[in-house]
Amino acid sequence: MARFLWASFDGGGNVPCGLGVSRDLVANGHEVSFVGRPEMVDRVAPTGFRTIELSTSYVHADRYSWHPRGRIFSYLTSPAVGDELLAVAARERPDVVVIDAMFGAALAVAPRFAVPTVGILQSFLNRTIDGWNDMMGAQSEARQRCGFDPLPPLEQLWGDLDLVQVNALEQFDGPPRTGLKNLRYGGPIFEDDDRAAPIRLPWDPADPTPLVLVSFSTADVQVSVSKLQRSLDALAELPVHVVVTTGGIDPARLSIAENAYAVQFASHGPLMRLASLLVTHCGHGTAMRALSHGLNMVCVTGKAADQEAASFDQEPIGEFVEEYGVGRSVPAEASVARIRAVVESAITDHEARRNARALAGRLRASQGAADATRELVALLDPPSPWAREVSA
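Let me sum up the structure you'll find in this document. (Residues numbered from 1 in each chain as written. Predicted model: local features only at pLDDT ≥ 70, side-chain atom pairs only at ≥ 80, totals over all residues. Heavy atoms only, no water.)

## What to know about the overall build of the protein
Secondary structure assignment for the protein yields 15 helices and 13 strands. A compact globule built from 392 residues would reach a C-alpha radius of gyration of about 21 Å, and the protein, at 21 Å, matches this within 12%. Viewed in the frame of its principal axes, the protein has a C-alpha envelope of about 70 × 45 × 40 Å. Relative to its 392 residues, the protein shows a buried fraction of 59%. Within the protein, contacts between residues at least 6 apart in sequence are counted, and of these 68% link residues at least 24 apart. Of the roughly 15900 Å² of accessible surface on the protein, a fraction of 48% belongs to carbon and sulfur atoms. (Helix = DSSP H or I, 4+ residues; strand = E, 2+ residues; numbered from the N terminus. Rg over C-alpha atoms; globule rule 2.2 N^0.38 Å. Buried < 20%, exposed > 50% of the residue type's maximum accessible area, 1.4 Å probe, protein only. Contact = heavy atoms within 4.5 Å. Areas by Shrake-Rupley, 256 points an atom, 1.4 Å probe, with all protein chains shown as cover.)

## Topic: the sheet that holds strand β4 (residues 96-100)
As summarised here, the arrangement of the seven strands in space is β3-β2-β1-β4-β5-β6-β7, forming an open sheet in which the pairing is parallel. Of all the strands in the sheet, the pair left with one neighbour each is β3 (50-53) and β7 (183-185). When the angles between neighbouring strand axes are averaged without regard to direction, this sheet yields 25°. Relative to β4, strand β1 (residues 3-7) runs parallel, the two being bridged by four bridges. From the neighbouring strand, L5 faces β4, where its bridge partner is V97. Its contacts with the sheet place helix α4 (residues 79-92) against β1, β2 (31-36) and β3, and it is angled at close to 140° to β3. (Pairing = 2+ DSSP bridges. Axes fitted to C-alpha atoms, helices over the stretch in contact; angles between N-to-C directions.)

## Some thoughts on the pattern of salt bridges
Enumeration over the complete set of coordinates arrives at nine salt bridges. For R91, the salt bridge identified is with E92, shortest N-O distance 3.7 Å. Its salt-bridge partner being R184, residue E375 comes within 3.9 Å of it at the nearest N-O pair. Linking E375 in helix α14 (residues 368-378) with R184 in strand β7, this pair joins segments that are 191 residues apart in sequence. By relative accessible area, R184 is classed as partly exposed at 37%. One salt-bridge network, held together by shared partners, links D10, R37 and E39. (Salt bridge = Lys/Arg side-chain N within 4 Å of Asp/Glu carboxyl O.)

## Some words on helix α1 (residues 14-27)
Residue pairs three or four apart in sequence face the same way in an α-helix, which turns once every 3.6 residues. In this model, α1 (14 residues) spans 20 Å end to end at C-alpha, consistent with the 20 Å of a helix rising 1.5 Å per residue. Of all 14 residues making up α1, ten are buried, and the element is well covered by its neighbours. Where α1 is concerned, the buried positions are N14, V15, P16, C17, G18, L19, G20, V21, S22 and L25. As for α1, its buried residues are in contact with β1, β2, α2 (38-44), β4, β5 (117-121) and α14. G29 occupies a position one or two residues after α1 and carries a positive phi of about 90°. (Expected span 1.5 Å × (residues − 1).)

## Examining unusual backbone geometry
For R93, which is not glycine, the phi dihedral falls at a positive 55°. Here R93 lies in the loop between α4 and β4. Backbone geometry at C282 places phi at a positive 75°, although glycine is not the residue there. Along the polypeptide, C282 turns up in the loop between β11 (277-280) and α10 (284-292).

## Some thoughts on the sheet that holds strand β9 (residues 241-245)
Within the open sheet, the six strands sit side by side as β10-β9-β8-β11-β12-β13. Their pairing is parallel. Bordering the open sheet on either side are β10 (260-263) and β13 (327-331), each of which pairs with just one other strand. Here the strands of the sheet are splayed against their neighbours by 15° on average, with no regard to which way each runs. As judged from the five bridges shared by strand β12 (residues 297-301) and β13, these two strands associate in the parallel manner. Its bridge partner being in β13, M297 is matched across the sheet by G327.

## Side note on the side chain of S74
Checked against the element boundaries, S74 lands in helix α3 (residues 70-77). When neighbours within four sequence positions are excluded, S74 is seen to be in contact with S57, Y58, H60, A61, Y64 and V81.

## Some thoughts on the state of the cysteines
Disulfides are covalent bonds that link the sulfur atoms of two cysteine residues. Here the structure, examined in full by the defined rule, presents zero disulfides. Free cysteine: C17, not disulfide-bonded; nearest cysteine sulfur from C282 at 17 Å. Look at C17 and you get buried, because its relative accessible area is 5%. (Disulfide = S-S within 2.5 Å.)

## Points about empty space enclosed by the protein
Within this structure, the stated rule accounts for two cavities of 30 Å³ or more. Empty space within the largest cavity amounts to approximately 50 Å³. Lining of the largest cavity is provided by W6, S8, F9, N14, V15, G18, F34, D100, I120 and Q122. Counting residues per element, the lining of the largest cavity draws most heavily on α1, at three residues. Class assignment of the residues belonging to the lining of the largest cavity gives a composition of five nonpolar, four polar and one charged. (1 Å grid on protein atoms, 1.4 Å probe; cavity = no way out; pocket = protein on both sides within 12 Å on 5 of 7 lines; lining within 4 Å. Points joined across faces, edges and corners; volume = space filled by probe spheres on them. Nonpolar A, V, L, I, M, F, W, Y, C, P; charged D, E, K, R; others polar.)

## Quick word on a negative patch on the surface
A cluster of acidic residues, E315, E319, E322 and E333, forms a negative patch on the protein surface. Its place among the elements puts E333 in the loop between β13 and α12 (336-347). With a relative accessible area of 61%, E333 lands in the exposed category. (Patch = residues over 30% accessible without salt bridge, like charges linked within 9 Å, V, L, I, M, F, W, Y side chains within 5 Å. Lys, Arg positive; Asp, Glu negative; His and termini not counted. Charge placed at Lys NZ, Arg CZ, Asp CG, Glu CD.)

## Brief notes about the pairing of β4
Of all five residues in β4, five are buried; the element is thus mostly enclosed. Neither face of β4 is open: one carries V96, V98 and D100, the other V97 and I99, and all of them are buried. With four bridges joining them, β4 and β5 adopt parallel strand pairing. In the strand pairing of β5, V97 is matched with T117.

Next up, the structure:
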């Protein structure tokens, strides 16, 4: 048995990805502990995994108060967080440290862990590398403005790791755009949000009315009441049934039309098997899961309309959707009329549905969690310094 310490950021698709790989590691006889901010503990602890809360998560939050996402950036970038991670690793003695690829403070101290380190990406790399550079550059600038040393460039942060595991199909990711030699690709991780559960729909199962699933990001910095409401308003007058999973938005904040049913979280697989169309933010996990069910989509991508944050991967994944002819993409600020027109066209777009079904087999055949487990376990040869110390 080996011990894995997972330095986590509980963003939208990050936790499901981490849980999916961790469950496979445990099934193969290993042990996984998650370490991160209090919000991570609240999400992961109910799943049964051991969690460790970082007491320094917000110790420098006052320095970041100028930033629209100051608390998150305090956690992601503060050197105090990196120092505490090193102390946790010294105490826990893991064989491998796994780091969320956008966790700047953890990446900055990765060379000091004394055991193999892994960066985990839950999206495309080549298609999104410009966004990754922008994101990590913004973390570095925020860190400097708060009086700390800047982060190294992205290629150094990731290049110093023993492994960068990309949980996306390489054949969909386009030509290489980095000089990194430590990349490994697997499949996407089809893991439901840990807060999701199957739901009972309010319509007769024999009702032939087409079903549209609406699902946007669950990440705090990406939720947008405005974008979700415009999408619901666009569907309100169409002859469809609508299921909307609202994520971080309380359904009470929305105006729900008679043809719609709203819940905060639901298992997506059963709904996608019934749906005729997906309307989505175009996060990697949601888009790939939809394609694995042969479901075409309308992507309302990019910057959340009532937030300061912009996604690093939604627009590039929207471009992928259009490139492969499996859907349409519109910007976050798209009007009700534009969203309605695109949905009306997409719901009867048989070619897009055929194209989605053509990709489904490749995605269903992928084993993302098993791929990641294989690469992580390969780092255990030779054994970690902790194992050598114990055996001595």
